Amino acid sequence: MSRLKVVVVNGSPTRPSRTRALAEAVLAEIQREVAIDSDIVDLADIGTALGAHLFRNALPAPLEEALRSIEGADLLLVASPVYKGSYPGLFKHVFDLVAPEALTGKPVLLVATGGGDKHALVIEHQLRPLFGFFRAQTLPTGVYGAEADLKDYTVSSEALASRVVDAALEAARALRQLGAESASAASAASAATATTPAARASVAA
């Protein structure tokens, strides 16, 4: 069975990026818990081209590939900085182009960064409602890091480090459940195939 895939969406258009650093810290914790494949869709790489396209049917191949990676993930790790009290417009534009049904039931771990603690509720007030529209399954623990928590693009706060671990454990549990469900479905399909008339005839022959 192939490994489950976690796709990180980094909504920061800058590099280096505290948002990406925090997302990578969470991803590393998930990888300590469960074997996964991973991909990173980074606004710093696609933002300029993305802003020039309003509709999906006109996207160049690299942007379409990024959207398909998001839609095909088993779990999304979505990270956004807070600009002027909200997530960036280009970050929202990524999800404006995602098919509405593509994220239904998909587990999503929410991460955000901002200048100070006053922006911490962006996860509850803005990111959760966005993925509620998609009927995604946002994980209970979101991870918010203020500038003081990420010195030299590294998690430097014990409280933030603890929250990173908590969120990663929730993500790992969700992935294990998905893996178990996938294995069960594959086993059922194999058993069903073995009981078809064609399969019985083949054994008899």
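The preceding data block contains the structure.
Residues numbered from 1 in each chain as written. Predicted model: local features only at pLDDT ≥ 70, side-chain atom pairs only at ≥ 80, totals over all residues. Heavy atoms only, no water.

Caption draft 1: Focus on the side chain of asparagine 10. Mapped onto the elements of the fold, asparagine 10 is located in strand E1 (residues 5-10). Reaching out from asparagine 10, the side chain makes a polar contact with the backbone nitrogen of serine 12 at a distance of 3.3 Å. Excluding residues within four positions of it along the chain, asparagine 10 makes contact with Ser17, Thr19, Arg20, Val41, Asp42, Leu43 and Ala79. (Helix = DSSP H or I, 4+ residues; strand = E, 2+ residues; numbered from the N terminus. Polar contact = N/O pair within 3.5 Å; in protein donor to acceptor, adjacent residues only side chain to side chain. Contact = heavy atoms within 4.5 Å.)

Caption draft 2: Representation of the packing of helix H2 (residues 43-50) against helix H4 (residues 89-96). For the pair H2 and H4, the least separation of the axes is 10 Å and the interaxial angle reads 80°. What the angle tells us is that H2 and H4 run roughly perpendicular. Taking contact as the criterion, the partners of Leu43, Gly47 and Leu50 in H2 are, on H4, Leu90, Phe91, His93 and Val94. Each residue belonging to the contact of H2 with H4 can be placed in one class, and the counts come to five nonpolar, two polar and no charged. (Axes fitted to C-alpha atoms, helices over the stretch in contact; angles between N-to-C directions. Parallel < 35°, antiparallel > 145°, perpendicular 65-115°, else oblique. Nonpolar A, V, L, I, M, F, W, Y, C, P; charged D, E, K, R; others polar.)

Caption draft 3: Highlighting the packing of aromatic side chains. Following the criterion strictly, the structure yields six aromatic pairs and no others. An angle of 80° between the planes, with centres 5.0 Å apart, marks the rings of phenylalanine 95 and phenylalanine 131 as edge-to-face. Taken as a pair, phenylalanine 95 in helix H4 and phenylalanine 131 in helix H5 (residues 122-133) lie far apart in primary sequence, 36 residues in all. By relative accessible area, phenylalanine 95 is classed as buried at 2%. Under the relative-accessibility criterion, phenylalanine 131 is labelled buried at 0%. (Phe/Tyr/Trp six-rings, centres within 6.5 Å; stacked < 30°, edge-to-face > 60°. Buried < 20%, exposed > 50% of the residue type's maximum accessible area, 1.4 Å probe, protein only.)

Caption draft 4: Focus on H5. Taking 1.5 Å of rise per residue, 12 residues should cover 16 Å, and H5 covers 16 Å from first to last C-alpha, within 8% of that figure. Buried within H5 are the following residues: Val122, Ile123, Leu127, Arg128, Leu130 and Phe131. Take H5 and look down its axis: the buried residues cluster within an arc of 155°, on one side only. In H5, those exposed residues whose orientation departs by more than 90 degrees from the buried face are His125 and Phe133. (Expected span 1.5 Å × (residues − 1). Arc of directions from axis to C-beta.)

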